[in-house]
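Per-entry structural report
Take a look at the letters that make up each chain.
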Amino acid sequence: MIDQAKVRVLLLESIHPDAVSRLETEGFQVESLRNALDETELLERIPGVHLLGIRSKTQVSAKVLDAADSLVAIGAFCIGTDQIELSAASRAGIAVFNAPFSNTRSVVELALAEIIAITRRLTEKNELMHAGVWDKAANGSHEVRGRRLGIVGYGNIGTQLSVLAENLGMHVSFFDTADKLALGNAQRCSSLDELLATTDVVTLHVDGRPGNAGFFGAEQFARMRPGAIFLNLSRGIVVDHLALRDALVNGHLSGAAVDVFPTEPKGRGDEFVSELRGLPNVILTPHIGGSTEEAQADIGDFVANKLAHFVREGNTTLSVNLPSVALPAQPEMSRTVHVHVNMPGVLAQVNSILAEHQVNVEGQLLSTRGEYGYLITDISGEYSADVLDKLRGMSQTVRLRVLS
């Protein structure tokens with residue numbers, strides 16, 4: 001059982017102060033660092049840490065998780081979780097939580113702003129004005145109304161972008177490998193090639209799973225319409241930036257906006273290196289799609305709440321990797337949380353051990369997901385340490401936590 005006053009929390013990458021305050025309110029000991037940590041640094045820091053909070057730059061590898069002798073949960077204060085070795089976390093019974101909705105609007109607004117800015121050539125006009133050049137010509141400047149937007153990845157961000165783009169008068173096409181319901185008048189494309197050949201603007205909103213590395217390269221840029229615009233606000237590894245540069249320099253694409261990069265600086269002020277620097281028709285932003293004060297505050301509160309409830313109650317609602325279980329806490333009850341390999345008969349075996357030791361079960365909830373099961377049991381009255389030893393000794397047991 002973890003004493004809440006001794007729960008150590010390590011937050012990286014300038015996570016919002018609201019998260020710090022929320023976790024400190026629980027009595028946890030919180031250390032918040034400005035930058036990401038590389039694997040060597042994280043290996044040094046992780047022993048003794050119960051809760052780890054990261055954003056997109058910190059990579060939580062299986063090696064780090066092996067060294068995490070006290071870790072019970074990881075909070076990804078962002079949408080993506082591909083920077084975490086989820087299978088290794090599950091094997092260790094470590095819950096992972098993220099914020100799948102909190103910064104959606106911020107990303108969508110940035111995408112729309114960039115589409116308008118490039119279509120109207122605002123960045124070029126701005127640069128000329130600062131150089132003292134007055135160029136009022138309309139050449140190459142267009143309205144977004146009537147143009148066709150192609151969305152690759154029709155998830156939370158893609159769908160909201162679809163709706164708002166239609167409100168601006170754009171036509172929308174989308175492609176997703178999963179079967180997704182089209183919103184409004186959006187048209188589903190049967191293939192990526194169909195989308196590329198028929199749209200004026202292509203924007204990527206896919207995840208960073210290893211299979212998506214190099215997903216968009218020279219072949220895909222060549223299939224886009226001449227003069228089209230390209231955006232990537234998803235993950236840096238999915239795009240070949242050399243191929244993108246070639247498509248921009250040779251004039252095949254009229255512009256691009258990129259917010260994510262294969263390799264990103266660890267902290268503010270570090271040098272940014274990219275093949276796309278210096279191109280006048282490219283908007284480069286430092287991975288700020290979700291970096292609005294509103295989004296970061298919402299993310300901080302949302303993920304911190306998930307971590308706090310997990311430590312206090314064991315509830316796993318919206319966990320990325322463990323079965324979702326939420327059992328209301330009952331006062332004056334002891335609660336055990338049993339993470340186990342999903343095999344027939346585990347619940348019967350657990351209850352047999354409890355019955356053998358005359359333990360009174362007041363509440364119990366089990367859920368399974370893939371390879372793993374998650375069981376919360378509320379117990380009234382006293383029980384011996386032998387009960388816990390036998391539960392831990394079960395061949396299917398991954399992790400047993402005693403919460404109260």
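In the block above lies the structure referred to throughout.
A short tour of the structure in this document, coming up. (Residues numbered from 1 in each chain as written. Predicted model: local features only at pLDDT ≥ 70, side-chain atom pairs only at ≥ 80, totals over all residues. Heavy atoms only, no water.)

The secondary structure content of the chain amounts to 13 helices and 16 strands. Considering only residue pairs separated by 6 or more positions, the chain has 64% of its internal contacts joining residues 24 or more positions apart. Of the roughly 18500 Å² that the chain leaves accessible, carbon and sulfur atoms contribute 50%. Taking the average location of the 35 positive side-chain charges in the chain and that of its 48 negative ones, the two points are 4 Å from each other. (Helix = DSSP H or I, 4+ residues; strand = E, 2+ residues; numbered from the N terminus. Contact = heavy atoms within 4.5 Å. Areas by Shrake-Rupley, 256 points an atom, 1.4 Å probe, with all protein chains shown as cover. Lys, Arg positive; Asp, Glu negative; His and termini not counted. Charge placed at Lys NZ, Arg CZ, Asp CG, Glu CD.)

A separate point is helix H7 (residues 156-167). An α-helix turns once every 3.6 residues. As a result, residues three or four positions apart point the same way. A rise of 1.5 Å per residue sets the reference length of H7, with its 12 residues, at 16 Å; its end C-alpha atoms lie 17 Å apart and thus fit the reference within 8%. Burial in H7 covers these residues: Ile 157, Gly 158, Thr 159, Leu 161, Ser 162, Leu 164 and Ala 165. Of the surrounding secondary structure, the elements contacted by the buried residues of H7 are helix H5 (104-119), strand S6 (148-152), strand S7 (171-175) and strand S9 (201-204). Gly 169 sits one or two residues past H7 and shows a positive phi near 95°. (Expected span 1.5 Å × (residues − 1). Buried < 20%, exposed > 50% of the residue type's maximum accessible area, 1.4 Å probe, protein only.)

To continue, consider a negative patch on the surface. Taken together, the side chains of Asp 18, Glu 293, Glu 294, Asp 298 and Asp 301 present a region of like negative charge at the surface. Among the elements that line the negative patch, the one with the most residues is helix H11 (residues 293-313), at four residues. In this fold, Glu 293 is placed in helix H11. Of the residues examined, Glu 293 reaches a relative accessible area of 69% and is grouped as exposed. (Patch = residues over 30% accessible without salt bridge, like charges linked within 9 Å, V, L, I, M, F, W, Y side chains within 5 Å. Salt bridge = Lys/Arg side-chain N within 4 Å of Asp/Glu carboxyl O.)

In this section: the sheet that holds strand S4 (residues 73-76). What links the strands of a sheet is backbone hydrogen bonding, and the strands pair in either a parallel or an antiparallel sense. Read across the open sheet, the five strands follow the order S2-S1-S3-S4-S5; overall the sheet is parallel. If you trace the sheet from one side to the other, it starts and ends with strand S2 (29-32) and strand S5 (95-97), each paired once. Averaged over all pairs of adjacent strands, the angle between their axes in this sheet comes to 15°, without regard to strand direction. Helix-sheet contacts for helix H1 (residues 17-25) involve strand S1 (8-11) and S2, and the interaxial angle to S2 is about 165°. (Pairing = 2+ DSSP bridges. Axes fitted to C-alpha atoms, helices over the stretch in contact; angles between N-to-C directions.)

The next point concerns the nonpolar core. Residues Leu 51, Ala 73, Phe 77, Leu 307 and Tyr 374 are the most contacted members of the largest nonpolar core, which totals 29 residues. No other element matches the six residues that H11 contributes to this core. Every residue in contact with Leu 51, bar those within four places of it in the chain, is listed here: Val 7, Arg 8, Val 9, Leu 10, Phe 28, Leu 71, Val 72, Ala 73, Leu 307 and Val 311. Ranked by size, the runner-up nonpolar core spans 27 residues in total, among them Cys 189, Ala 228, Val 258 and Val 282. (Core = buried A, V, L, I, M, F, W, Y, C linked by side-chain atoms within 4.5 Å.)

One open sheet accounts for seven strands, arranged S8-S7-S6-S9-S10-S11-S12; its pairing is parallel. Edge positions in the sheet fall to strand S8 (187-188) and strand S12 (282-284), since each of these pairs with one other strand and no more. In this structure, S9 lies alongside strand S10 (residues 228-232), joined through four bridges in parallel fashion. The residue bridging Thr 203 from the neighbouring strand is Leu 231, located in S10.

Let us look at the pattern of salt bridges. Per the counting criterion, the structure on display carries 18 salt bridges. Across the salt bridge formed by Arg 335 and Asp 378, the nearest N and O atoms sit 2.7 Å from each other. You can see Arg 335 sitting in strand S13 (residues 334-341) and its partner Asp 378 sitting in strand S15 (residues 372-380), a full 43 residues away along the chain. Linked through salt bridges whose partners overlap, the residues forming this network are Arg 22, Glu 26, Arg 312 and Glu 313.

So, on to the side chain of Glu 13. Positionally, Glu 13 belongs in the loop between S1 and H1. One buried charged residue, Glu 13, forms no salt bridge at all, with the nearest opposite charge on Lys 57 at 4.9 Å. Other than its neighbours up to four places away in sequence, Glu 13 contacts Leu 33, Arg 34, Asn 35, Ala 36, Ile 54, Arg 55, Ser 56, Lys 57 and Thr 58.

Here we come to the pairing of strand S14 (residues 360-369). Relative to S15, S14 is paired through nine bridges, and the arrangement is antiparallel. For Asn 360, the partnering residue across the bridge sits in S15 and is Ser 380.

At their nearest, the axes of helix H12 (residues 346-356) and helix H13 (residues 385-392) sit 10 Å apart, and the two run at 160° to each other. Between H12 and H13, the angle falls in the class roughly antiparallel. As for the relative orientation of H12 and H13, their crossing is right-handed in sense. Residue-level contacts link Val 350, Ile 353, Leu 354 and Glu 356 of H12 to Val 387, Lys 390 and Leu 391 of H13. (Parallel < 35°, antiparallel > 145°, perpendicular 65-115°, else oblique. Left-handed = near helix turned anticlockwise from the far one by under 90°.)

Taken as a whole and judged by the stated rule, the model has seven aromatic pairs. Ring centres of Phe 216 and Phe 230 lie 5.0 Å apart, and the angle between their planes is 35°; this geometry places the pair in the tilted category. With Phe 216 in the loop between S9 and helix H9 (218-223) and Phe 230 in strand S10, this pair connects stretches of sequence that are 14 residues apart. For the pair Phe 216 and Phe 230, a shared accessibility class is recorded, and that class is buried. Counting every residue linked through ring pairs, the aromatic cluster contains Phe 215, Phe 216, Phe 221 and Phe 230. (Phe/Tyr/Trp six-rings, centres within 6.5 Å; stacked < 30°, edge-to-face > 60°.)

Another point: H13. Of all the residues in H13, the buried ones are Val 387, Leu 388 and Leu 391. One side of H13 holds all its buried residues, which, seen down the axis, span an arc of 95°. For H13, the elements touching its buried residues are S13, H12 and strand S16 (397-402). (Arc of directions from axis to C-beta.)

Function cannot be inferred from these measures alone, as they are strictly geometric.
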